[in-house]
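Below are the chains, spelled out letter by letter.
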Amino acid sequence: MEREHREETRRKKFSIGGDPNMLTEDLHQAVKNLSAELYTKDVHFLMELIQSGL
């Protein structure tokens, strides 16, 4: 029963092992693009660290 619950959670929440979910694929690609754009410059990354209080 626990295994079925894990498998169902993987399929429904993370779209792993089930039918492809286009919305999940679009979201994944958007996050990849955003992270690549945000941290293309080392200076920007350092400024984010400073703003975070590190």
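Look a little higher up for the structure.
All of the points below concern the structure found in this document.

1. So, the pattern of salt bridges
Then step 1. Inspection of the entire model under this criterion finds 2 salt bridges.
Then step 2. Its salt-bridge partner being Glu2, residue Arg6 comes within 3.2 Å of it at the nearest N-O pair. Of this pair, Arg6 and Glu2 both sit in helix H1 (residues 2-14), 4 residues apart, roughly one helical turn.
Then step 3. Given the relative accessible area of 42%, Arg6 is considered partly exposed.
Then step 4. For Glu2, a relative accessible area of 58% corresponds to the exposed category.
Then step 5. Lys12 is the salt-bridge partner of Glu8, the closest N and O atoms lying 2.7 Å from each other. You can see Glu8 and its partner Lys12 sitting in helix H1, 4 residues apart, about one turn around the helix.

Calculation criteria
- Residues numbered from 1 in each chain as written.
- Predicted model: local features only at pLDDT ≥ 70, side-chain atom pairs only at ≥ 80, totals over all residues.
- Heavy atoms only, no water.
- Salt bridge = Lys/Arg side-chain N within 4 Å of Asp/Glu carboxyl O.
- Helix = DSSP H or I, 4+ residues; strand = E, 2+ residues; numbered from the N terminus.
- Buried < 20%, exposed > 50% of the residue type's maximum accessible area, 1.4 Å probe, protein only.

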